Amino acid sequence: MTTSSPTSPASVDVVLPCLDEAAALPWVLARIPAGWRALVVDNGSTDGSADIARELGATVVHEPRRGFGAACHAGLTAATADVVCFCDCDASLDPGHLVPFVRDVLDGRADLVLGRRRARGRGAWPAHARAGNLALARLLRRRTGLRLHDLGPLRAARREPLLALGLSDRRSGYPLQMVVRAADAGWRITEHDVPYLPRAGTSKVTGTWRGTWQAVRDMSRVLAEPPADRGAVR
């Protein structure tokens, strides 16, 4: 399940929310850096994803409540490592690219590191999904002042501060809520460019205009939350 990476720091858990990703799991798990633990959060798969993940050496967490945020948060609460990463489980993102993210967190250069997706290949990032992401980035800038280019799912931060943010969204707004509450708490948030590949199968969120704009509505509700007085939790 692991690949050789002499610079990979230890004590890292990678949360992989999973709903019917049997075709993508072998590729994704083969790219988990050596010494890191893969936490595959099965969100009600019917294609044997959980069994495949377990056979490939991953730790499987079951989250029966449907929702991207529900799966991500179940993985976060199950994690035990100092640093927790998040990555989609559909083969659109290579978890091996998380190594510099984690290094930045451990070296104190950032509190939350996000992947700025750069499309590779036809169909990697449909126009409607790209438009929705751009709209949200602009709304985020108004809300927090952060000049981010992407709100993608590839990210890394320390586990205890993440839990202290009190994330409550359990749908598509979870990744955005993490960024908003981190910004409110004064976190240093940075980006790294990462290749974005055509995913395996059909997206459950951004595969259609309807799914994309439902996600935008979920995230708009997050942006409407008043700033939380949480202090600089790091």
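Below, the structure is looked at part by part. (Residues numbered from 1 in each chain as written. Predicted model: local features only at pLDDT ≥ 70, side-chain atom pairs only at ≥ 80, totals over all residues. Heavy atoms only, no water.)

1. Observations regarding the overall build of the protein chain
Thinking step 1. When helices and strands are tallied, the protein chain shows 8 helices and 9 strands.
Thinking step 2. Long-range contacts, defined as pairs at least 24 residues apart, comprise 77% of the intrachain contacts of the protein chain with a sequence gap of at least 6.
Thinking step 3. Counting every atom, the protein chain has about 10,100 Å² of accessible surface; 52% of that belongs to carbon and sulfur. (Helix = DSSP H or I, 4+ residues; strand = E, 2+ residues; numbered from the N terminus. Contact = heavy atoms within 4.5 Å. Areas by Shrake-Rupley, 256 points an atom, 1.4 Å probe, with all protein chains shown as cover.)

2. Observations regarding a positive patch on the surface
Thinking step 1. A cluster of basic side chains, namely R138, R141, R142 and R147, defines a positive patch on the protein surface.
Thinking step 2. For R138, the position within the fold is in helix α5 (residues 127–144). (Patch = residues over 30% accessible without salt bridge, like charges linked within 9 Å, V, L, I, M, F, W, Y side chains within 5 Å. Salt bridge = Lys/Arg side-chain N within 4 Å of Asp/Glu carboxyl O. Lys, Arg positive; Asp, Glu negative; His and termini not counted. Charge placed at Lys NZ, Arg CZ, Asp CG, Glu CD.)

3. Some words on the pattern of salt bridges
Thinking step 1. Scanning the model with the defined rule gives 13 salt bridges in all.
Thinking step 2. D107 is the partner of R109 in a salt bridge, and the nearest nitrogen-oxygen pair spans 3.3 Å.
Thinking step 3. When its relative accessible area of 45% is taken as the criterion, R109 is described as partly exposed.
Thinking step 4. Its salt-bridge partner being R188, residue D111 comes within 2.9 Å of it at the nearest N-O pair. Taken together, the residues span a long stretch of sequence, with D111 in the loop between α4 (99–106) and β7 (112–119) and R188 in the loop between α7 (174–184) and β9 (189–196) at a distance of 77 residues.
Thinking step 5. Relative accessible area serves as the criterion here: at 11%, D111 is assigned to the buried category.
Thinking step 6. Owing to a relative accessible area of 35%, R188 belongs among the partly exposed residues under this scheme.
Thinking step 7. Look at the salt bridges and you will find they share partners, linking D104, D107 and R109 into a network. (Buried < 20%, exposed > 50% of the residue type's maximum accessible area, 1.4 Å probe, protein only.)

4. Quick word on unusual backbone geometry
Thinking step 1. You will see that D20, though not glycine, has its phi angle at about 55°, which is positive.
Thinking step 2. Among the secondary structure elements, D20 is positioned in the loop between β2 (12–18) and α1 (25–29).
Thinking step 3. Unusually for a residue other than glycine, A91 sits at a positive phi of about 70°.
Thinking step 4. Relative to the helices and strands, A91 resides in the loop between β6 (83–86) and α4.
Thinking step 5. Owing to a relative accessible area of 12%, A91 belongs among the buried residues under this scheme.

5. Details of empty space enclosed by the protein
Rolling a probe over the atoms, with the probe sized like a water molecule, indicates the empty space that remains.
Thinking step 1. All told, the structure shown has 1 cavity of 30 Å³ or more when counted by the stated rule.
Thinking step 2. Of the pockets and cavities examined, the largest cavity occupies roughly 40 Å³.
Thinking step 3. Around the largest cavity sit F68, C72, F86, P153, R155, Y174, P175 and M178, which together line it.
Thinking step 4. Broken down by secondary-structure element, the contributors of at least two residues to the lining of the largest cavity are α3 (68–78) and α7.
Thinking step 5. With 3 residues, the top contributor of residues to the lining of the largest cavity is α7.
Thinking step 6. Its residues assigned to classes, the lining of the largest cavity comprises 7 nonpolar, no polar and 1 charged. (1 Å grid on protein atoms, 1.4 Å probe; cavity = no way out; pocket = protein on both sides within 12 Å on 5 of 7 lines; lining within 4 Å. Points joined across faces, edges and corners; volume = space filled by probe spheres on them. Nonpolar A, V, L, I, M, F, W, Y, C, P; charged D, E, K, R; others polar.)

6. Considerations on the sheet that holds strand β5 (residues 59–62)
Thinking step 1. Taken in spatial order, the 7 strands make up an open sheet running β5-β4-β2-β6-β8-β7-β9, and their pairing is mixed. The open sheet has two free edges, formed respectively by β5 and β9, since each of these has just one partner strand. Across the sheet, the mean angle separating the axes of adjacent strands is 25° when strand polarity is ignored.
Thinking step 2. Two strands pair when backbone bridges link them, and β6 and strand β8 (residues 155–158) are joined in this way by 4 bridges, in the antiparallel orientation. Its bridge partner lying in β8, F86 is registered against R155. (Pairing = 2+ DSSP bridges. Axes fitted to C-alpha atoms, helices over the stretch in contact; angles between N-to-C directions.)

7. Thoughts on the environment of L25
Thinking step 1. With respect to the helices, strands and loops of the structure, L25 is situated in helix α1.
Thinking step 2. Sequence separation between L25 and I52 is 27 residues, and the spatial gap between their C-alpha atoms is 7.4 Å.
Thinking step 3. The residues contacting L25, other than those within four sequence positions of it, are C18, V40, S49, I52, A53, L56 and C89.

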